[in-house]
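A structural walkthrough
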Amino acid sequence: MSATAKNSNKVTVATLKKFKQQGDKFTMLTAYDASFAQIVDQSGVDVILVGDSLGMVVQGHDSTIPVTVDHILYHTQCVSRVVERALVIADLPFMSFSDTSRALDNATRLMQEGGARAIKLEGGGHVIPVVEILAKHGIPVCAHLGLQPQYINKLGSYRVQGRLEEEGARMLDEAKAMQDAGADMLVLECIPSKLAKEISQSLTIPTIGIGAGVDCDAQVLVLYDVLGISFGRIPKFSKNFLTEAGSIEAAIKSYDSNVKQGKFPASEHSFD
Ligand code: KIV
């Protein structure tokens, strides 16, 4: 098979922007190993995130803080080795992008050694220079606003962000600044649905919601929550799709089709 034929089916950041222009919703789901990644890829999910959530669901930590670039690299290799269609995004973990030079070095490793085709990073206005330099070097960037789990030691708890008017206005400004800096998409985590809708309508790049309501351009969940195998409490914004579906494949397909039909998230999974 020629390289062109092999690549023709692959989801790229351009595909995701086209989905937004056409008003077609798309899906992102986390995966951390080859077996699950293959099922997720074959179920029609468009983007696979090797998220630093692996620190909690795979490694058993109570936060994402202990996750290192080497951990993300290992799991990105496991995933990208088998994925054929979905866009594989690797997360930059805590402190791995504290300045532009660290960010460039670590993103380069995740792409060259890990096989990631895009990079995600948490943070507001202060990460704009990082987004800008990655984008300038041809690295597709997924920005992440709202609840940022890497700030747990400052926040004290995982709670909804942007409820105050001034916080919401700042988030909207930061979202526009991310786009202007060259971000290709934006995760919005745990924010009021109304704010997520306003941000989504103000941007040309797609927004990907988790606890951000149905009006985002796409949705993301942690795979283990979708399969109901998380220890501890399942977050309000998530849903166990396995109970009704009966098999892992059917559960992931159900998540994918419910998002694409605008049926998930429902109001009980969203915040005012
Ligand atoms: O690390 C992760 O899995 C994430 C998603 C939940 C957005 O950041």
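Below or above, wherever it landed, is the structure these notes cover. (Residues numbered from 1 in each chain as written. Predicted model: local features only at pLDDT ≥ 70, side-chain atom pairs only at ≥ 80, totals over all residues. Heavy atoms only, no water.)

**Focus on the sheet that holds strand S7 (residues 207-210)**
The eight strands are arranged S1-S2-S3-S4-S5-S6-S7-S8 in a closed barrel whose pairing can be described as parallel. Each adjacent strand pair in this sheet contributes to an overall mean axis angle of 25 degrees, direction not counted. Pairing geometry for strand S2 (residues 47-50) and strand S3 (residues 87-91), over four bridges, is parallel. From the neighbouring strand, valine 50 faces S3, where its bridge partner is alanine 90. Sitting on the sheet, helix H13 (residues 248-260) touches strand S1 (26-30) and strand S8 (218-221), and the angle it makes with S1 is about 145 degrees. (Pairing = 2+ DSSP bridges. Helix = DSSP H or I, 4+ residues; strand = E, 2+ residues; numbered from the N terminus. Axes fitted to C-alpha atoms, helices over the stretch in contact; angles between N-to-C directions. Contact = heavy atoms within 4.5 Å.)

**Observations concerning the site of the ligand**
Looking at the ligand, the residues that line it are Thr30, Leu49, Gly51, Asp52, Ser53, Asp91, Lys120, His144, Ile210, Val220 and Val222. Here an oxygen atom of the ligand sits 3.0 Å away from a polar atom, N or O, in the side chain of aspartate 52. At 3.3 Å from an oxygen atom of the ligand is found a side-chain nitrogen or oxygen belonging to aspartate 91. The residue inventory of the shell around the ligand, partitioned by class, reads four nonpolar, four polar and three charged. (Near = heavy atom within 4 Å. Polar contact = N/O pair within 3.5 Å; in protein donor to acceptor, adjacent residues only side chain to side chain. Nonpolar A, V, L, I, M, F, W, Y, C, P; charged D, E, K, R; others polar.)

**Considering unusual backbone geometry**
Cis geometry is adopted by the peptide bond preceding proline 265, which originates at phenylalanine 264 and carries an omega value of 5 degrees. With respect to the element layout, proline 265 can be found in the segment after H13. The backbone of methionine 95 shows a phi angle near 65 degrees, a positive value even though the residue is not glycine. Checked against the element boundaries, methionine 95 lands in the loop between S3 and helix H6 (100-112). Although it is not a glycine, cysteine 190 sits at a positive phi angle of roughly 50 degrees.

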